[in-house]
Amino acid sequence: DVQLQASGGGLVQAGGSLRLSCAASGFAFDHYAIGWFRQAPGKGREVVSCISSSDGTTYYADSVKGRFTISIDNAKSTVYLQMISLKPEDTAVYYCAADRFFLGVVDGYPDYWGQGTQVTVSS
């Protein structure tokens, strides 16, 4: 079974930090791009960040540049999203996703989706 297990969400005050993890299994991790999406209440799904497991190429949405950092541990088949200087507008359910092609994630059409983890940033 394909699994993308997101974890690390929680409640944090504005200005705080969280690190999300996405543990992958059931597919050829080192041949895929892994990314993060988020969806806030009443809003559409937004691509947050993406990384290629093969060449390290990264993408960040303008709204998170300079605050979020995506990284990958191929040995553990795990992708991380380090989030600092969190704002109330970062509040959303964050989803991990994977696609054979980098643009499959960036363009919003990944092959696989995981369940989300809730991030809530209080004022």
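Rules of the game
Residues numbered from 1 in each chain as written. Predicted model: local features only at pLDDT ≥ 70, side-chain atom pairs only at ≥ 80, totals over all residues. Heavy atoms only, no water. Disulfide = S-S within 2.5 Å. Helix = DSSP H or I, 4+ residues; strand = E, 2+ residues; numbered from the N terminus. Buried < 20%, exposed > 50% of the residue type's maximum accessible area, 1.4 Å probe, protein only. Pairing = 2+ DSSP bridges. Axes fitted to C-alpha atoms, helices over the stretch in contact; angles between N-to-C directions. Salt bridge = Lys/Arg side-chain N within 4 Å of Asp/Glu carboxyl O.

We now examine the state of the cysteines. Summed over all chains, the structure comprises 1 disulfide. For C22, the disulfide goes to C96, at an S-S distance of 1.8 Å. What sets the handedness of the C22 and C96 disulfide is the S-S torsion sign, and at about -75° it is left-handed. Taken together, the positions of C22 in strand β3 (residues 18-25) and C96 in strand β9 (residues 92-99) put the pair 74 residues apart, joining distant regions of the chain. By relative accessible area, which is 0% here, C96 ends up buried.

Backbone-to-backbone hydrogen bonds join strands into a sheet, with any given pair of strands oriented parallel or antiparallel. Ordered by their spatial adjacency, 4 strands build an open sheet running β1-β3-β8-β7, and the pairing between neighbours is antiparallel. Each end of this open sheet is capped by a strand with a single partner; those strands are β1 (3-7) and β7 (68-73). Across this sheet, the average inter-strand angle for adjacent strands is 15°, counted without regard to direction. In the sheet, β7 pairs with strand β8 (residues 78-83) via 6 bridges, with the strands oriented antiparallel. Looking across to β8, one finds that I72 is bridged to V79.

A few words now on unusual backbone geometry. Look at S77: it is not a glycine, yet its phi comes out positive at around 50°. By secondary structure assignment, the location of S77 is in the loop between β7 and β8. Unlike most non-glycine residues, S85 shows phi in positive territory, near 50°. Mapped onto the elements of the fold, S85 is located in the loop between β8 and β9.

For the structure on display, the rule yields 4 salt bridges. For the salt bridge of R38 with E46, the shortest nitrogen-to-oxygen distance reads 2.9 Å. Classification of R38 as buried rests on a relative accessible area of 6%. The structure contains a network of salt bridges with shared partners spanning R38, E46, R67 and D90.

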